[in-house]
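# Summary of structural features
Listed here are the chains, written in short residue letters.
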Amino acid sequence: MNQHAKVEIRHSTCPHDCPSACALDVDVIDGRSIGRVRGSKLQTYTAGVVCAKVARYAERIHHPGRLMHPMRRTGAKGSGQFSRISWDEALDEIADRFNAAERTYGAQSVWPYYYAGTMGLVMRDGINRLTHVKKYSRFYSTVCANVARVGFSIGTGKIAGVDPREMAVSDLVVIWGTNPVNTQVNVMTHASRARKERGARIAAVDIYNNETMKQADIKIILRPGTDGAFACGVMHVLFREGFADRAYMEKYTDCPAELEAHLKTRTPEWASAICGVPVAEIEAFARAVGETKRTFFRLGYGFSRSRNGATQMHAALCIPAVTGAWQYEGGGAFFNNAALWRFNEAIIEGHDTIDHTTRLLDQSKIGRILTGDAEAQLGGGPVKAMLIQNTNPMTIAPEQTLVRQGFARDDLFVAVHEQFLTETAQMADIVLPATMFMEHDDLYYGGGHQHISVGPKLIDAPGECRSNHEVLQALARRVGASHRGFDMTPRELIDATLKLSGHGDIAALEADLWRDLQPDFRTSHYLDGFAHADKKFHFKADWAHPTFGKLMGDVDNMPSLPDHWAVIEEADAVYPFRLATSPSRSFLNTTFNETPSSQAREGMASVMIHPLDAAALGIVDGDAVTLGSTRGETSLIARLFDGVRRGVLIAESVHPNSDHIGGRGINTLTGADTIAPIGGAAFHDNKVWVRKADIAIA
């Protein structure tokens, strides 16, 4: 007799590198497989909406190409030739190679390397416990958020803002430096609600007419890296035309008179010459903001992708302080809620074993580090062995030519713990199969909102897949790393972390499904003062004393008051174009690169070029073109697009390297030079040339 499958709806949290951290309702079929995935209607930020990538998650978790068992490389590095081995064989070999490197070159020759393939605290950050106990080289995270975070906190005093759900009660939502239709769809849920229910307008400020801007009422297209100039031109108009709230500034800000005097020369004409936005559009935007008390500035991670990004974020953030928008429900600014989570990860990361004399290697500089750059190695010796979890540096890291050279070294041992045979896994000596988020327990926070939650294990993992925590436990035994965190289960680590952090225990959080940590209105709007010692919003940024991070870069020359800091890679006669590698809709970094629906939607790697620029170069839509920077070359398909300023190119990313003609990915062109004041990677800040390529396209 035919039997119907038993479908149970279970709750979870999306773990991927996205501010939305959506609350999920998941169909679990017969306790063994995943069906539909939907956004929870009960959680007020997710509000029943998830991106198409995650809605199709069954396509990924049950993908036939998943890694299922450990493997040892049998061919040349990058050949993809491996043979199956047992877990004991794999772990023994990794431990032997780590121990040999430590004996010969010292513990710091081993560099555990990870990132945000999962945002779960146990599975993402547990690798630091192994690093700290063994005194391996430590890991300094710079690829994503440092630049924008410090630019926001230098103004407010902490990384927290207005409740993002207040977008729904705003009269003007300014979406700046982010493309949420592609990257955090829930922003659009709340902004669209404001438009539908209140007649609110949506303004988009970005570098191209992307999917978010196409839905906006006010569209501002900048040249890359010129947000600070635009912000200054806007504030000039706010002061000039009487929209500045002088009473608010007198009470809540540090130097309004000095700011006003500084902005006298930052006219719309001055700003227009730098950012490319016509004077009339700068003035109209300023008036819209000035006339609308309930203006909500939703500021994004795009600010992190430029060499002057921290100053640009700060300049944009100064606008609602000038207008006093922070006073009103639906007004003020939001970027990230890092200050709310207050997670104490002492056990997860092994804080009691940290030796601060061990070197702290910059994630973004992996290419330089692996090719022997003494400065990038901080004066230490070479890296001889690596364990990589949750990231794919062979595709996503800048300076890919160096990255490729580094991973190709015969004297470098690499173990990669992954879900698919990524381009990094193909360079590994040992590959280990990893679980996905519905196959293990973990603890999550919402970067774009205010909720914390447990993501429970829903189904068993296929084949021989093991979680990050299981791998770290097994390696710890083999390399002699002793710590109580290695003796705990993921649920025990979650429970202990919640208790240490003042968030109760795991049972209570699971019973709640999630917990809303949003402070009260006065706190969220800083009505009792901002988080600096003087309780003021700081128009004058003290870049030499950031609220967090490791001070680096050209801090001494950063402008203290809002301005255009001219340290971007400006186009010149040899490299006449500016290139940004903005995020695509169907990939998330390189997660979802392997799913058929994402591949079908994104197609071959391409670059958007203004029709007039293309015509001048004899390029037509669909031509193969080659782009070159000081760091290398890549070839891809030209797409004519008039939604950019002349001289600007957009390559939505991150496609696999193999999607590019010739196999060299877009990050061949991007740089890893240090961004002040605490490091970062300028993925959207590249000067390049472009020419028609003499390549036949299949």
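By convention here, each chain's residues receive numbers from 1 onward along its written sequence. Under the rules for a predicted model, residues below a pLDDT of 70 receive no local features and side-chain atom pairs below 80 are neither given nor counted, while totals for whole chains, interfaces and linings still include all residues. The basis for every side-chain value is the complete set of heavy atoms in the structure, and neither hydrogens nor water enter the calculation.

## Describing the overall build of the protein chain
The secondary structure listing takes helices from DSSP runs of H or I that are at least 4 residues long and strands from runs of E that are at least 2 residues long, numbered from the N terminus. When helices and strands are counted, the protein chain shows 25 helices and 25 strands. A principal-axis box enclosing the C-alpha atoms of the protein chain has dimensions of 70 × 65 × 60 Å. Burial statistics for the protein chain: of 698 residues in total, 64% are counted as buried. In what follows, a contact means two residues having at least one pair of non-hydrogen atoms within 4.5 Å. Partitioning the contacts of the protein chain with sequence separation of at least 6, the portion at a separation of at least 24 is 75%. The rule is simple: take the accessible area with a 1.4 Å probe, protein chains only, and divide by the maximum for that residue type; under 20% is buried, over 50% is exposed, in between is partly exposed.

## Looking at unusual backbone geometry
Where the residue is not glycine, phi is negative for most of them; where a peptide bond is considered, it is trans in most cases. The omega torsion of the bond from S653 to V654 falls at 10°, within 30 degrees of zero and hence cis. You can see V654 is positioned in the loop between β24 (648-650) and β25 (686-692). In this structure, P677 follows A676 across a cis peptide bond, with omega equal to 5°. A positive phi angle, close to 65°, is found at K135, a residue other than glycine. Overall, K135 belongs to the partly exposed group, its relative accessible area being 31%. A positive phi is found at Y526, a non-glycine position, where the angle reads about 55°. Structurally, the position occupied by Y526 is in the loop between α23 (521-524) and β20 (577-580).

## Let's talk about the packing of helix α3 (residues 87-105) against helix α20 (residues 468-479)
The geometry of α3 relative to α20 is characterised by a closest axis approach of 9 Å and an angle of 55° between their N-to-C directions. One way to sum up the angle between α3 and α20 is to call them oblique. For α3 against α20, the interelement crossing comes out right-handed. On α20, the residues that touch W87, D88, L91, D92, I94, A95, F98 and N99 of α3 are V471, A474, L475, R478 and V479. In this description, a line fitted to the C-alpha atoms serves as the axis of each element, helices being fitted only across the stretch in contact, and the angle between N-to-C directions of two axes falls anywhere from 0 to 180 degrees. For classification purposes, angles smaller than 35 degrees are called roughly parallel, those larger than 145 roughly antiparallel, those between 65 and 115 roughly perpendicular, and all remaining angles oblique. By convention the crossing between two helices is left-handed if the near helix lies anticlockwise of the far one by an angle smaller than a right angle, and right-handed if it lies clockwise.

## A word on the nonpolar core
Counting residues in each nonpolar core, the largest one holds 155 residues, and the members touching the most others are W176, F230, F285, W326, M386, F407 and F539. Beyond its immediate sequence surroundings of up to four residues, F407 is in contact with K77, I366, L370, M386, I388, P393, M394, L412, V414, T424 and M427. Throughout this description, the term nonpolar core refers to a set of buried Ala, Val, Leu, Ile, Met, Phe, Trp, Tyr and Cys residues connected via side-chain atoms within 4.5 Å.

## Overview of the pattern of salt bridges
Here, a salt bridge means any Lys or Arg side-chain nitrogen found within 4 Å of an Asp or Glu carboxyl oxygen. Following the criterion strictly, the structure yields 48 salt bridges and no others. R36 serves as the salt-bridge partner of D27, at 3.5 Å between the closest nitrogen and oxygen. Residue class for R36 comes out exposed when judged on its relative accessible area of 55%. The salt bridge involving R294 is made with E329; its shortest N-O contact spans 4.0 Å. Note that R294 is positioned in the loop between α13 (279-291) and β11 (295-299) and E329 in the loop between α14 (309-323) and β12 (332-334), a separation of 35 residues in sequence. Classification of E329 as partly exposed rests on a relative accessible area of 39%. Three or more residues joined by partner-sharing salt bridges are found here, namely R307, E569, R578, R631, D673 and D685.

## Side note on α3
Every helix has an expected span of 1.5 Å times one less than the residues it contains. Between the first and last C-alpha of α3 there are 27 Å, a value that for 19 residues agrees with the 27 Å anticipated at 1.5 Å per step. For α3, the secondary structure elements touched by its buried residues are β6 (110-114), β14 (385-389), β15 (413-418), β16 (430-433) and α20. Note on α3: the residue one or two positions beyond its end, G106, has a positive phi of about 100°.

## Considering the environment of A145
Along the chain, A145 turns up in the loop between β7 (138-140) and α6 (146-156). For the pair A145 and R305, spaced 160 residues apart in sequence, the C-alpha separation works out to 8.7 Å. A145 has contacts with Y115, Y301 and S304, leaving out every residue within four places of it along the chain.

## Some points on the environment of D528
Checked against the element boundaries, D528 lands in the loop between α23 and β20. Sequence separation of D528 and Y252 is 276 residues, and the distance between their C-alpha atoms is 8.9 Å. When near neighbours in sequence (up to four residues on either side) are disregarded, D528 contacts R522 and K535. Here a polar contact means two N or O atoms within 3.5 Å. Within protein one must be a hydrogen donor candidate and the other an acceptor candidate, and residues neighboring in sequence count only if both atoms are side-chain atoms. Polar contacts involving the side chain of D528 include one to the side chain of R522, which spans 2.7 Å.

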